[in-house]
Amino acid sequence: MHRVELKNITKKFGDFTALDNINVEVEEGELLSLLGPSGCGKTTTLRIIAGLETPTEGDVFIDGKRVNDLSAAERNIAMVFQFIALYPYINVWENLAFPLKAQKMPVDQIKKKVAEISSILGLDDVLYQYPRDIHPAQGQMVSIGKAVIRDPEVYLFDEPLSHLDASMRVKMRADIKHLHEKLGRSMVFVTHDQLEAMGLSDRIAIMSQGEIVQIGTPEEIFHKPLTQYVADFVGTPPMNFLECELIQEGDEYFLRANSVKLRLQKELLDKTESGTQGSGLGKTKMVMGIRPRHIKLYIDGASKENEFLVPGTVEFIDPEGKEIVVHVSLAQGINLRVMVPFHYSVKEQDKVWIELEQDHIKLFLKNTGGAVLV
Ligand code: ATP
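All values derive from a computational prediction rather than experimental measurement.

Peer 1: What exactly am I supposed to notice about the site of the ligand here?
Peer 2: Around the ligand, the neighbouring residues are Phe13, Phe16, Ala18, Pro37, Ser38, Gly39, Cys40, Gly41, Lys42, Thr43, Thr44 and Glu159. Between an oxygen atom of the ligand and a main-chain N or O atom of Gly41, the distance comes to 3.0 Å. In the environment of the ligand, an oxygen atom lies 2.5 Å from a nitrogen or oxygen atom belonging to the side chain of Thr44. Considered on its own, the ligand offers 640 Å² of accessible surface; in the complex 59% of this is hidden by protein. Taken together, the elements giving at least two residues each to the shell around the ligand come down to β2 (16-26) and α1 (42-50). Taken together, the residues of the shell around the ligand break down into 5 nonpolar, 5 polar and 2 charged.

So, in structure tokens, the structure goes:
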């Protein structure tokens, strides 16, 4: 098993800085995803690890050995691209065997290796078919098989599922996870699909404009986003954001967004970066973030003695699988999405009450997007 380390990597194309001082370590046997929008530098990072691109500054290490001066062929890395790369006039077995034949491996060993990879990738039923006769998802699996059959030290995947339809992507995600568990190699997986990254990865590096803005497990990224950008990038439906400021009335604290006041537990403010009761946050423009499933919805709130309830009106309802997303308006222009079970009986224009689950409230600074409460 092998460890990959990028140290202070900067990559410039002319005057344009595509990567700005990237630092990342892929532990032995780890699957690390690079997640971010188009153009943020994911593929460039992958190509630098592979040796297909030279960093302007910084070093690449594989297993502690600096490999900057090694060519792509000398690095013993497998790279799988978005597009299926198979030889059309030979069957699946021959496609898988091709890299081994090129290495002049003895035939009995080739047969053993192809059988092993075919079984892991679920290709046994199509081994003697031609690429044109198999499903594109199976075709991409053969591409992956071709890349990994040489037993490379590190696997690099550049959006290998992006050209497949949604249901196939879900299945392939599980297959790639299985492959990773079975072979135990270090993998770097590039994607702009947060669900893919969340489902597959041991850790995720979130990228923005040539920088890595947060690295963590899917749970850390989802529950403890360090910036509003990260919070916004992961989660379906997306996190709610409300511009607000912290106000104090007597010894009670509220987040005020225009005419709406959302009460806060005092203990919550003790957890902010500003310390005791968020004393440094008064007058600071902030953005409150909360995920739709962390807001409670009541249809009989008027009868409850609960000072954390806020009244609103159902604007519209969006079914989403086994749940529904209820869009609640608290005042003109102040709307929150709330996720409730499918059987919940609400309809448009209903009067409802919402309650924020206090432990799940996030606060970000409006000017920098940095979190002060996660
Ligand atoms: P996508 O998901 O669209 O592939 P990405 O996050 O992988 O995006 P990169 O392909 O790494 O992004 O590109 C990062 C930036 O560097 C982009 O603005 C791209 O236009 C630029 N770039 C990449 N390769 C080159 C190149 N050879 N010459 C000039 N600019 C480049």
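This is not the end of the story, as more comes after the structure.
Peer 1: What is the right way to read the domain arrangement of the chain from this model?
Peer 2: Interface size is commonly expressed as the accessible surface area that is lost when the partners come together. According to the domain assignment, the chain consists of domain 1 (4-232) and domain 2 (240-373). On a C-alpha basis, the centroid separation for the pair domain 1 and domain 2 is 40 Å. Contact with domain 1, which involves 8 residues of that partner, is made by 8 residues of domain 2. Between domain 1 and domain 2, the buried area comes to about 810 Å², and carbon and sulfur atoms account for 57% of it. Where domain 1 packs against domain 2, one counts 4 residue pairs in polar contact (both at pLDDT 80 or more). Of all the elements in the fold, those that place two or more residues in the side of domain 1 that touches domain 2 are α7 (218-223) and α8 (228-233). Sort the elements by how many residues they give to the side of domain 1 that touches domain 2 and α8 lands first, with 3 residues. Among the residues making up the side of domain 1 that touches domain 2, the classes are represented as 4 nonpolar, 3 polar and 1 charged.

Peer 1: I would appreciate a short explanation of the side chain of Glu159 in the present structure.
Peer 2: Along the chain, Glu159 falls in the loop between β7 (154-158) and α5 (166-183). One buried charge, Glu159, has no salt-bridge partner; the nearest side chain with opposite charge is Lys42, at 4.3 Å. At 2.9 Å, the side chain of Glu159 and the side chain of His192 are in polar contact. Beyond its immediate sequence surroundings of up to four residues, Glu159 is in contact with Lys42, Gln82, Val190, Thr191 and His192.

Peer 1: Help me out: how do you make sense of the packing of aromatic side chains in this one?
Peer 2: Geometrically, a pair of aromatic rings is defined through the distance of the ring centres and the angle of the planes. Throughout the structure, instances matching the rule amount to 5 aromatic pairs. Judged by centre distance (4.5 Å) and plane angle (45°), the ring pair of Tyr87 and Phe98 falls under tilted. Here Phe98 lies in helix α2 (residues 92-102) and Tyr87 lies in the loop between β6 (77-80) and α2, a separation of 11 residues in the sequence. When its relative accessible area of 37% is taken as the criterion, Phe98 is described as partly exposed. Through a chain of ring-to-ring contacts, the aromatic side chains of Tyr155, Phe157 and Phe189 assemble into a single cluster. Of note, Lys261 hangs over the ring of Phe254, and the distance from its end group to the ring centre comes to 4.7 Å. The aromatic ring of Phe222 is capped on one face by Arg291, whose charged end is 4.0 Å from the ring centroid.

Rules of the game
Residues numbered from 1 in each chain as written. Predicted model: local features only at pLDDT ≥ 70, side-chain atom pairs only at ≥ 80, totals over all residues. Heavy atoms only, no water. Near = heavy atom within 4 Å. Polar contact = N/O pair within 3.5 Å; in protein donor to acceptor, adjacent residues only side chain to side chain. Areas by Shrake-Rupley, 256 points an atom, 1.4 Å probe, with all protein chains shown as cover. Helix = DSSP H or I, 4+ residues; strand = E, 2+ residues; numbered from the N terminus. Nonpolar A, V, L, I, M, F, W, Y, C, P; charged D, E, K, R; others polar. Domains from an automatic or database assignment. Contact = heavy atoms within 4.5 Å. Buried area = accessible area lost by both parts, 1.4 Å probe. Buried < 20%, exposed > 50% of the residue type's maximum accessible area, 1.4 Å probe, protein only. Lys, Arg positive; Asp, Glu negative; His and termini not counted. Salt bridge = Lys/Arg side-chain N within 4 Å of Asp/Glu carboxyl O. Phe/Tyr/Trp six-rings, centres within 6.5 Å; stacked < 30°, edge-to-face > 60°. Lys NZ or Arg CZ within 6 Å of the ring centre and 35° of its normal.

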